Amino acid sequence: QVQLMESGGGLVQPGGSLRLSCAASGSNFIINTMGWYRQAPGKQRELVATLTRGRSTQYADSIKGRFTISRDNAENTVALQMNSLKPEDTAVYYCNAGAVVFSPFKTLEIWGQGTLVTVSS
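Residues numbered from 1 in each chain as written. Predicted model: local features only at pLDDT ≥ 70, side-chain atom pairs only at ≥ 80, totals over all residues. Heavy atoms only, no water.

Asker: What am I meant to see in the environment of T57 here?
Answerer: One can find T57 in strand β6 (residues 57-59). Along the primary structure T57 and M34 are separated by 23 residues, whereas in three dimensions their C-alpha atoms are 9.8 Å apart. Look past the residues within four positions of T57 in its chain and what remains in contact with it is T50, L51 and I69. (Helix = DSSP H or I, 4+ residues; strand = E, 2+ residues; numbered from the N terminus. Contact = heavy atoms within 4.5 Å.)

So this is what it looks like as structure tokens:
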């Protein structure tokens, strides 16, 4: 079993910064792509940023230049540095990972429980 644990959400004023972190735990696995998604009230979940094991990134247009995704392959962690936050960034942020588990072999898509980010004055 592979699990994701997120941390770092909270309340921040417009223009402020937050850093979200996510760690994968379990045994006999490797993580391929890791990323962040978000879901605002009344809206569908949307991609924020992803980062492959080979360091290829993908960002949503709405956060380009403001958010940066990074990961530590050895520690199976991924982080999202969010700067210049706007009220429209308010959402529950979910960590996501594609994992390969060995013995028995299987592939999994895993989600964290979500962490709330509120941008408000």
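Asker: Sorry if this is basic, but what is going on with the pattern of salt bridges here?
Answerer: Side chains that carry opposite charge are capable of pairing whenever their charged atoms lie near each other. Applying the stated criterion to the full structure yields four salt bridges. In this structure, the salt-bridge partner of E46 is R38, at a minimum N-O distance of 2.7 Å. The partly exposed category is assigned to E46, whose relative accessible area is 36%. Where D89 meets R66, a salt bridge forms, and the shortest distance between an N and an O atom there is 2.7 Å. Of this pair, D89 sits in the loop between β8 (77-82) and β9 (91-101) while R66 sits in the loop between β6 and β7 (67-72), placing them 23 residues apart in sequence. Residue classification places D89 among the buried residues on the basis of a relative accessible area of 1%. Residue R66 is classed as buried on the basis of its relative accessible area, which comes to 10%. Linked through salt bridges whose partners overlap, the residues forming this network are R38, E46, R66 and D89. (Salt bridge = Lys/Arg side-chain N within 4 Å of Asp/Glu carboxyl O. Buried < 20%, exposed > 50% of the residue type's maximum accessible area, 1.4 Å probe, protein only.)

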